[in-house]
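One letter stands for each residue in the lines below.
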Amino acid sequence: MIIPFPPFEPDKSPYDVNSSASVVNALPVANGWGPMPGLTEISAALGSACRGATFVRTSAGTYRIVAGTETGLYELNTTNFTWTDITGASGPYAVPEQDNWTMTRFGNTLLIHNINDVIQAYDIEAGGTVTDLAGSPPKAKYSWVAGDYLVLGYLDISGTGQASVAWSGLNDATHWTYGKKGSDIQVLPEGDEVMGGFADQGGFTVIQRAGMQFFPFAPASGFTFTRTVLNPKQGSIAPRSIVSVGPGQFFYLSEDGFFGGVERKPIGAERVDRWFLDQIDQTYLSEVQGVADPFEKIVWWRYRALNGSYYRLGYDWQLDRWCTTDLQVGEMVALATPAITWDGLDVLYATIDDVDEPFDARLFSGGRPTFATFTTGNKLAYFTGPNIAATIETADVEIDGMSRSFINGVRIVTDAELL
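1. What to know about the overall build of the protein
Then comes step 1: Secondary structure assignment for the protein yields two helices and 32 strands.
Then comes step 2: Since a compact globule built from 419 residues should have a radius of gyration of about 22 Å, the 23 Å found for the protein is in line with a globular shape.
Then comes step 3: Taken along its principal axes, the extent of the C-alpha atoms in the protein is 80 × 55 × 35 Å.
Then comes step 4: For the protein, with 419 residues in total, the buried portion stands at 50%.
Then comes step 5: Of the contacts made within the protein by residues no fewer than 6 positions apart, 51% connect residues no fewer than 24 positions apart.
Then comes step 6: Taken as two groups, the 27 positive and 48 negative side-chain charges of the protein have centres that lie 5 Å from each other.

Right, here's the structure in full:
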């Protein structure tokens, strides 16, 4: 009798041979499970916990990695892997406890902001320190680019700001005179506060706590964007859980579980939703963070467990499979790898024998898309390390329904090394 290592679906019956209540530290593959890489720390520690990070590519093809803490902004020095302080004159900052840095590229400028501080502008080509964005834009929690416009969501405006979006002038992130150059502001009369948004085909989508809206580009109407209600009832309870992976394809955490798209396709129902709600400290439900691993095609959601540690739950959107890990992580981010030269290896490793990764690994190839996190020690680390030990449980299986069975041997069918 062959007993499979089935998909991770702990909400199902423990006697369902096609589901498992516990799969830890393994990644889904088409016909089973594969290895999950561990962490490779590559940087010195930030002064405090990371509250947001991103990467940008210059016209010369080099990469800048920027990270923010509660009070400062920093760029990774890819020669010695220390952090260079790029905090501007408006620092030290004061990122609120329930907020984080949002980082959005607009042309050759990286815009960095939170609801409490003036929007900071970083020159991607010249580097240096950040400056206040000119034009007196409103403070905002979220931002994204739609065509030639910078869009801000959840504004620091008394009364209506939480349910508002505004966009800049045409191809000008410093123009915020509404009614001029296409700039405007829109208060959303239903759906509660804005939880995030992203560019979509022909416009942009806004996700609210209890609704979803689409803003199509419609200059022929006399307005830059008009508004269409996509979902008048449901949205997301966790703004950082919203992850867009392609046109019209996004995933998020709602009050009743994990869903995909405007139509709210249930991706976690009767599979992981109940398990997740049992695992998470629901005081921190709104702080769930989602990031797409661009290499593995998995959306990972980081959550705070009841024991105070931060774990990850992953959804492979190509295979429609779930996975999980007990590896503790901090802030997650999709990054490109910095190029590490042979001469630079001694910054990360004491001797050549200490190098755990193969020399053709993505870590040593600059510009390769990959997935990273900040460790509990506030160091940047890539998921390119040695594979970590996995535990996979099968279902409780009845060998023979007619009589008692005695098992005197088993054989595991796998292509992995057996210890």
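2. Let's talk about the sheet that holds strand E26 (residues 298-304)
Backbone hydrogen bonds are what pair the strands of a sheet, in a parallel or an antiparallel way.
Then comes step 1: Read across the open sheet, the four strands follow the order E25-E26-E27-E28; overall the sheet is antiparallel. The open sheet is flanked by strand E25 (289-293) and strand E28 (321-325), the only strands paired with a single partner. Each strand of the sheet is rotated relative to its neighbour by a mean of 25°, with strand direction disregarded.
Then comes step 2: Pairing analysis gives five bridges linking strand E27 (residues 310-316) to E28, with the strands arranged antiparallel. Residue pairing for E28: Arg312 is matched across the bridge by Thr325.

3. Regarding the packing of aromatic side chains
Then comes step 1: Applying the stated rule across the entire model yields 26 aromatic pairs.
Then comes step 2: Ring geometry for Phe8 versus Trp275: centroids 5.3 Å apart, planes at 90°, classification edge-to-face. With a gap of 267 residues between them, Phe8 in the segment before strand E1 (23-24) and Trp275 in helix H1 (residues 273-279) connect regions that are remote in the sequence. Each of the two residues, Phe8 as well as Trp275, counts as buried.
Then comes step 3: Relative to Phe225, the ring of Trp167 has its centre 5.1 Å away and its plane inclined at 80°; by these criteria the two rings are edge-to-face. In this pair, Trp167 is assigned in strand E15 (residues 164-167) and Phe225 in the loop between strand E19 (211-216) and strand E20 (228-231), connecting sequence segments 58 residues apart. For the pair shown, Trp167 and Phe225 are each scored as buried.
Then comes step 4: Joined through ring pairs, the aromatic side chains of Phe251, Phe258, Phe276, Trp301, Tyr303, Tyr311, Tyr315 and Trp322 make up one cluster.
Then comes step 5: In this structure, Arg264 packs its charged tip against the face of Phe259, placed 3.9 Å from the ring centre.
Then comes step 6: Between Arg312 and the ring centre of Trp300, over which it is positioned, the NZ or CZ distance is 4.2 Å.

4. Observations regarding the pairing of strand E17 (residues 194-200)
Then comes step 1: Counting buried positions along E17 gives five out of seven residues, so the element sits mostly inside the fold.
Then comes step 2: One ladder, built from six bridges, connects E17 with strand E18 (residues 203-208); its direction is antiparallel. The partner of Gly197 across the bridge, within E18, is Val206.
Then comes step 3: Joining the antiparallel neighbours E17 and E18 is a turn of two residues, in which Gly202 adopts a positive phi near 80°.

5. Examining the pairing of E18
Then comes step 1: Burial within E18 is extensive, with six of its six residues counted as buried.
Then comes step 2: Here six bridges tie E18 to E19, and the two strands are oriented antiparallel to one another. Note that in E19 the partner of Val206 across the bridge is Gln213.
Then comes step 3: The antiparallel pairing of E18 with E19 creates a hairpin that spans two residues between the two strands.

6. Regarding the pattern of salt bridges
Then comes step 1: Scanning the entire structure with this criterion turns up twelve salt bridges.
Then comes step 2: In this structure, Arg227 and Glu190 form a salt bridge, with 2.8 Å as the shortest nitrogen-oxygen distance. Of this pair, Arg227 sits in the loop between E19 and E20 while Glu190 sits in the loop between strand E16 (184-187) and E17, and the two are 37 residues apart along the sequence.
Then comes step 3: Looking at Glu190, the relative accessible area reads 29%, which means it is partly exposed.
Then comes step 4: One salt bridge connects Arg264 with Asp256, and the closest N-O pair in it is separated by 3.1 Å.

Parameters at a glance
- Residues numbered from 1 in each chain as written.
- Predicted model: local features only at pLDDT ≥ 70, side-chain atom pairs only at ≥ 80, totals over all residues.
- Heavy atoms only, no water.
- Helix = DSSP H or I, 4+ residues; strand = E, 2+ residues; numbered from the N terminus.
- Rg over C-alpha atoms; globule rule 2.2 N^0.38 Å.
- Buried < 20%, exposed > 50% of the residue type's maximum accessible area, 1.4 Å probe, protein only.
- Contact = heavy atoms within 4.5 Å.
- Lys, Arg positive; Asp, Glu negative; His and termini not counted.
- Charge placed at Lys NZ, Arg CZ, Asp CG, Glu CD.
- Pairing = 2+ DSSP bridges.
- Axes fitted to C-alpha atoms, helices over the stretch in contact; angles between N-to-C directions.
- Phe/Tyr/Trp six-rings, centres within 6.5 Å; stacked < 30°, edge-to-face > 60°.
- Lys NZ or Arg CZ within 6 Å of the ring centre and 35° of its normal.
- Salt bridge = Lys/Arg side-chain N within 4 Å of Asp/Glu carboxyl O.

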